[in-house]
Amino acid sequence: MNQRDRVSAAAWLVVRDTHAAEDIFQNVALKAMTKEVRFENEGALLSWAFITARREGIDWLRRRKNEPAFLDEAILEQLEQEWVAERFGQDAGRSAALRDCIGELPAKSCDLLKRRYFDGYACEDVAQQLGIKLDAIYKRLSRLHHALKKCIETKLAQPAG
Amino acid sequence: MTSSEEENELLMRYLDGRLDPNDQARVAELLRDDAEARAFLRTVAEQAVVVADVQRIGQHKPQSAKIVAPEFRPWKWAVAAVAAFVLLVAFVIATTPPRHVAKVSTIIGPCQYIGADGKVQDELKAGTELKAGDTIRTRSSRAWVELSLDDGSVITVAGRSRLRLLNVQTRRGFQLAYGSLWATVVQRAGSQPISIQTPTATVEATTAQFDLEAHSLMSIVRVNDGSANVVRLADGQAADVIADYQAVVSLSRRQEFAVVSQPEPVNVWNCSLLAGRGAVFGKILPATAKQKSRLGAKPMLIGKKATIYAANFSVQCSRSAPVMIESGSRVRIRGTTRPGNPVYFGITTQRIKGGFFGKYICKIDAGALGQASEPWQIEMDLGHFGPVDGMEHLPDLPIGMELTDIWVFSKEERAELEIHRVEFLPKEIGQ
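Residues numbered from 1 in each chain as written. Chains lettered and ligands numbered in written order. Predicted model: local features only at pLDDT ≥ 70, side-chain atom pairs only at ≥ 80, totals over all residues.

**Remarks on the interface of chain B and chain A**
Convention followed: Residues are defined as contacting one another if the C-beta atoms placed from their backbone atoms lie within 7 Å. Strands are runs of DSSP state E lasting at least 2 residues, helices are runs of H or I lasting at least 4, and numbering of each runs from the N terminus. Gly is placed with the polar residues, together with every amino acid not listed as nonpolar (Ala, Val, Leu, Ile, Met, Phe, Trp, Tyr, Cys and Pro) or charged (Asp, Glu, Lys and Arg).
Contact residues are listed per partner, giving 34 residues for chain B and 42 residues for chain A. In terms of residue count, the dominant contributor to the side of chain B that touches chain A is helix α3 (residues 35-59) of chain B (15 residues). When grouped by side-chain class, the residues that make up the side of chain B that touches chain A number 15 nonpolar, ten polar and nine charged.

**Thoughts on unusual backbone geometry**
Positive phi values are uncommon outside glycine, yet Arg 16 of chain A reaches one of about 55°. Within the secondary structure, Arg 16 of chain A is located in the loop between α1 (3-15) and α2 (18-34). Look at Glu 416 of chain B: it is not a glycine, yet its phi comes out positive at around 50°. Turning to its location among the elements, Glu 416 of chain B is positioned in the loop between β27 (402-410) and β28 (418-425).

**Section: the environment of Met 218 of chain B**
Residue and element names in this part refer to chain B. The topology assignment puts Met 218 in strand β11 (residues 218-232). Considering only alpha carbons, one finds Met 218 and Thr 198, 20 residues apart in sequence, at a separation of 8.7 Å. Filtering out sequence-adjacent residues up to four positions away, Met 218 remains in contact with Thr 200, Val 248, Val 249, Ser 250 and Leu 251.

**Looking at helix α5 (residues 94-103) of chain A**
Put simply, the rule reads: Here the C-beta atoms are placed from the backbone, and a residue counts as buried if at least 20 other C-beta atoms lie within 10 Å of its own, exposed if 12 or fewer do, and partly exposed otherwise. Along the arc lie the directions from the helix axis toward the C-beta atoms.
For α5 of chain A, the complete set of buried residues consists of Arg 94, Ala 97, Leu 98, Cys 101 and Ile 102 of chain A. For α5 of chain A, the angular spread of the buried residues around the axis is 135°, confining them to a single face.

**Notes on the pairing of strand β22 (residues 330-336) of chain B**
All names here are of chain B. Condition: In this scheme, strands are said to pair when DSSP sees at least two bridges between them.
In this sheet, strand β25 (residues 376-381) lies alongside β22 in antiparallel orientation, the contact comprising six bridges. Residue pairing in the sheet places Val 331 in a bridge with Met 380 of β25. Judged from the seven bridges that link them, β22 and β28 form a sheet pairing that is antiparallel. The residue bridging Arg 330 from the neighbouring strand is Leu 425, located in β28.

**Points about the packing of α1 of chain A against helix α4 (residues 73-86) of chain A**
A packed helix pair is summarised by two numbers, namely the angle formed by the two axes and the spacing between the axes. Residue and element names in this part refer to chain A. So the rule is basically this: Lines fitted to the C-alpha atoms define the axes, with helices restricted to the stretch that makes contact. Angles between their N-to-C directions range from 0 to 180 degrees. In these notes the angle categories are as follows: under 35 degrees is roughly parallel, over 145 is roughly antiparallel, 65 to 115 is roughly perpendicular, and the rest is oblique.
At their nearest, the axes of α1 and α4 sit 11 Å apart, and the two run at 170° to each other. The orientation of α1 with respect to α4, classified from their angle, is roughly antiparallel. Counting all contacts with α1, which are made through Arg 6, Ala 10 and Leu 13, the residues of α4 involved are Leu 76, Leu 79, Glu 80 and Trp 83. Here the residues of the contact of α1 with α4 sort into five nonpolar, no polar and two charged.

From the geometry alone we can't say anything about function, so treat these as descriptive.
Rendered as structure tokens:
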């Protein structure tokens, strides 16, 4: 997974809007480029980026008069730390693998993910649009995410070439 | 269904914002204790943003073009020319930066306007439009001016302050030479960020509520909502100050440039060491055998042939925590004056973690100040104060507000007003 996806994902956990998360990532990148402070290493930069993305996310919610998500900041911090730690693991190519896996999904599954994450519909709306029960939407999404995770792992386990 | 599947579905519901408080607590506990659940949540977040990214890229892929032979039709060329002209005009309008102006929406007390062309006006009216290069001065402790910007942002300057509109590229620039400012910056499509320069710092914000106090050697920025980027001019160090944090920006590099969280409010404050703690306007007088700390009132020209003699004490400059005004709070001030002259006491207030609120004043007649040249001590509860002229819409008492500063003045030079101690006290026990 590349850092851009990680920082955007961290912002998404706060704002739950993929387009806002992308804007936040771009703001963070701009700040990192114009900031006159130097970071000791990539880890320090990444930690700063996660914190800045989280704060921007909370500001974004406040500007829209939304209460920040109930997930407390300690848990968000823990998730961010795990993301930073994961950077040092064997995760090269995960981002490309995920994109490949999404490309290999059946059209129906792709459509469900698009409605939920790109169009930004709540699961209840998606359920109405597709004429299925809300519980089934949660189940399908949960299984789809799990399947994508497995697909990435399989692709990464295969020898290169 | 396995426990893990059930937990994953619970997380799906959480991300959909459809959990009751009990299940919310369950999710919090699950995420605190279970590394696998956290890993799944991170996976979902990553997949969500990548799904959106893949869709975005897909929508921007070039479509195959159908090539047709050109055919000359004069009416089409005419329509195309008009469309091109309209597009050009729209482009010019869209890319021309909006004029940086601010309209005076409220004005209380003596103020002065100095135009970019050097024209000076001692009378300023609500509705006056200020443009880049214009300066506005609030000239008295009780004065304040509220400026409205085109996008709904509001800037208030109060007390003895000087604000100039600057021509800064891609920013709506201001220079606060000295004094106090409260800004509520809102973001509207096309509006530029606000940039405020002080003698020691530059503060920039796109969406924020913050207050700023500027002096020649130090500025204090407190952000109550949103965030502001603060740059120390002495060495170019920069930091983002977010809501509930503050930065003290000194000209001296020996003073650390740090962003710290705003302390919790207190209900008591004193400014006994006048010269070093919080006296931001006044004349330091030599110590006497009886009195070590003495601050003399300084002349303040507030208009044509009108001078007052004032001293001002700022809570923020004294590095105190925010001071909250409660029912029963009292102001106690010790000083001396020549007999026969009334003294005016005032307080400036702001909303807790918010913008400017208002000013309250109290006049104490000479008779209440005791014997000639003997030090007096006046203790007033808030009931003695009332809103300054022009602010009668304010509640009688600023209960629940934050104390910004305390000011004392006399209208007569011969009063020889000097202040020895300033205190803000909580409700008396048993009151």
